[in-house]
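Each chain, letter by letter, is given below.
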Amino acid sequence: MIDNLEYNTEREHLIIPEYGRHMQKMINHAKTLETKEERNKVAKGIIAVMGNMQPHLRDVADFQHKLWDQLFIMSNFELDADSPYEIPTKEIYEERPEVLEYPQNFPKYRFYGNNIKTMIDVANTWEDGDLKKALTYTIANHMKKCFLNWNKDTVEDAVIFDHLFELSGGKLNLKDSKEDLSDSTSLLRTKGKYSSNTSKKPHHKKNSANRQRKRY
């Protein structure tokens, strides 16, 4: 009996391991069937089993396409059966994808982040009016908060206005504004409030009966 034991290291390599070895054996058996009618029948049965292994996705049309592609991939593209979708080829499967260029951004003030620059670019496209003014002040307040995250001290509104003017290419100008941004203390307090709530542990009151229980 011990001589008949099989070790995974000696078995056939699983192309898609999450489906297990029995599924791989079913696909290998389907390849050996003589008639295409039999292979089509068994292939549909295998697809049904694969779908049952992921029931929350089996009724999605795109997921069915994925199952059929995985079937041919697990057969090493050797299963001669009909598919309701275009049958993938080994050449396409093994083709190396094109190198995806990573966006390189080198902002002058990195502590503001890329999202601030995106918001500024959007604000530049808006027509002058109350909405653009409100958006500009929102961006400035967020810039101030980002600045305080980087420098825990304080910052004058004039500094934020200068940076906003520079990052917007001179299109967003709040230098002559008489309206102040949010106070630095309130911005820091808001951050501290949300961070402290997560660190508090629930307080459990002791049962009064336990306190009154006599000890012997």
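Keep in mind that this is a model prediction, so the values were computed, not measured.

Colleague: I'm lost on the pattern of salt bridges in this one. Help?
Modeller: Side-chain pairs of opposite charge can arise whenever the charged atoms involved come near each other. Scanning the model with the defined rule gives eight salt bridges in all. Its salt-bridge partner being Arg 39, residue Asp 80 comes within 3.3 Å of it at the nearest N-O pair. Of this pair, Asp 80 sits in the loop between α3 (61-74) and α4 (90-94) while Arg 39 sits in helix α2 (residues 36-52), placing them 41 residues apart in sequence. For Arg 39, a relative accessible area of 9% gives the class buried. Across the pair Asp 121 and Lys 117 runs a salt bridge whose closest N-O atoms are separated by 2.7 Å. Taken as a pair, Asp 121 and Lys 117 lie in helix α5 (residues 114-124) at a separation of four residues, close to a single helical turn. Salt bridges sharing common partners tie together Lys 36, Arg 39, Asp 80 and Asp 82.

Colleague: Explanation requested: helix α7 (residues 157-167) in the structure shown.
Modeller: Owing to its 3.6 residues per turn, the α-helix brings residues three or four apart onto one side. Three or more residues of α7 are buried, namely Asp 157, Ile 160, Phe 161, His 163, Leu 164 and Leu 167. Buried positions in α7, seen along its axis, are confined to an arc of 165 degrees and lie on one side of it. Looking one or two residues beyond α7, the residue adopting positive phi is Gly 169, at roughly 70 degrees.

Colleague: Any chance you could explain α5 here in plain terms?
Modeller: All of the buried residues along α5 are Ile 116, Ile 120, Ala 123 and Asn 124. What you see down the axis of α5 is that its buried residues fit within an arc of 100 degrees, all on one side. Elements in contact with the buried residues of α5: α6 (130-150) and α7.

Colleague: When you look at the side chain of Thr 136 in this model, what are you seeing that I'm missing?
Modeller: In this fold, Thr 136 is placed in helix α6. Discounting residues that sit within four places of it in the chain, Thr 136 has contacts with Leu 164, Leu 172 and Leu 174.

Colleague: Got a minute to help me understand unusual backbone geometry in this structure?
Modeller: At Asn 76, a position not held by glycine, the phi torsion is positive, near 60 degrees. You can see Asn 76 is positioned in the loop between α3 and α4. Unlike most non-glycine residues, Phe 77 shows phi in positive territory, near 60 degrees. Note that Phe 77 resides in the loop between α3 and α4.

Colleague: Would you mind going over the environment of Thr 89 with me for this structure?
Modeller: Assignment of secondary structure puts Thr 89 in the loop between α3 and α4. For Thr 89, a relative accessible area of 31% corresponds to the partly exposed category. As a C-alpha pair, Thr 89 and Phe 77 span 12 residues in sequence and 6.8 Å in three-dimensional space.

Colleague: Which parts of the structure should I look at to understand the nonpolar core?
Modeller: Nonpolar side chains tend toward joint burial in soluble globular proteins. If you look at the biggest cluster of nonpolar residues, it comprises 22 residues, and the most contacted ones within it are Tyr 112, Ile 120, Ile 139, Ala 140, Met 143, Ile 160 and Leu 164. Those elements that place two or more of their residues in this core are α5, α6 and α7. The leading source of residues in this core is α6, at eight residues. In this structure, Ile 139 is in contact with Ile 116, Met 119, Ile 120, Ala 123 and Leu 164, ignoring residues within four places of it in sequence. Residues Ile 46, Leu 71, Phe 72 and Met 74 belong to the second largest nonpolar core, which totals 17 residues.

Colleague: Help me understand the confidence of the model for the protein in this model?
Modeller: Interpretation of the predicted coordinates at a detailed level should be avoided for regions scoring low in pLDDT. Here the protein averages 82 in pLDDT, while 82% of its residues score no lower than 70. No element of the protein has a lower mean pLDDT than helix α9 (residues 208-212), at 50, and none a higher one than α2, at 93.

Colleague: What is the right way to read the packing of α5 against α6 from this model?
Modeller: When two helices pack together, you describe them by how their axes are tilted relative to each other and by the distance separating the axes. Two elements in contact, α5 and α6, have axes whose closest approach is 10 Å; the angle formed by their N-to-C orientations is 165 degrees. Classed by the angle they form, the pair α5 and α6 counts as roughly antiparallel. In this structure, α5 meets α6 at a crossing whose hand is left-handed. Contacts between α5 and α6 involve Ile 116, Met 119, Ile 120, Ala 123 and Asn 124 from the former and Lys 132, Leu 135, Ile 139, His 142 and Met 143 from the latter.

Rules behind the numbers
Residues numbered from 1 in each chain as written. Predicted model: local features only at pLDDT ≥ 70, side-chain atom pairs only at ≥ 80, totals over all residues. Heavy atoms only, no water. Salt bridge = Lys/Arg side-chain N within 4 Å of Asp/Glu carboxyl O. Helix = DSSP H or I, 4+ residues; strand = E, 2+ residues; numbered from the N terminus. Buried < 20%, exposed > 50% of the residue type's maximum accessible area, 1.4 Å probe, protein only. Arc of directions from axis to C-beta. Contact = heavy atoms within 4.5 Å. Core = buried A, V, L, I, M, F, W, Y, C linked by side-chain atoms within 4.5 Å. pLDDT = per-residue confidence, 0-100. Axes fitted to C-alpha atoms, helices over the stretch in contact; angles between N-to-C directions. Parallel < 35°, antiparallel > 145°, perpendicular 65-115°, else oblique. Left-handed = near helix turned anticlockwise from the far one by under 90°.

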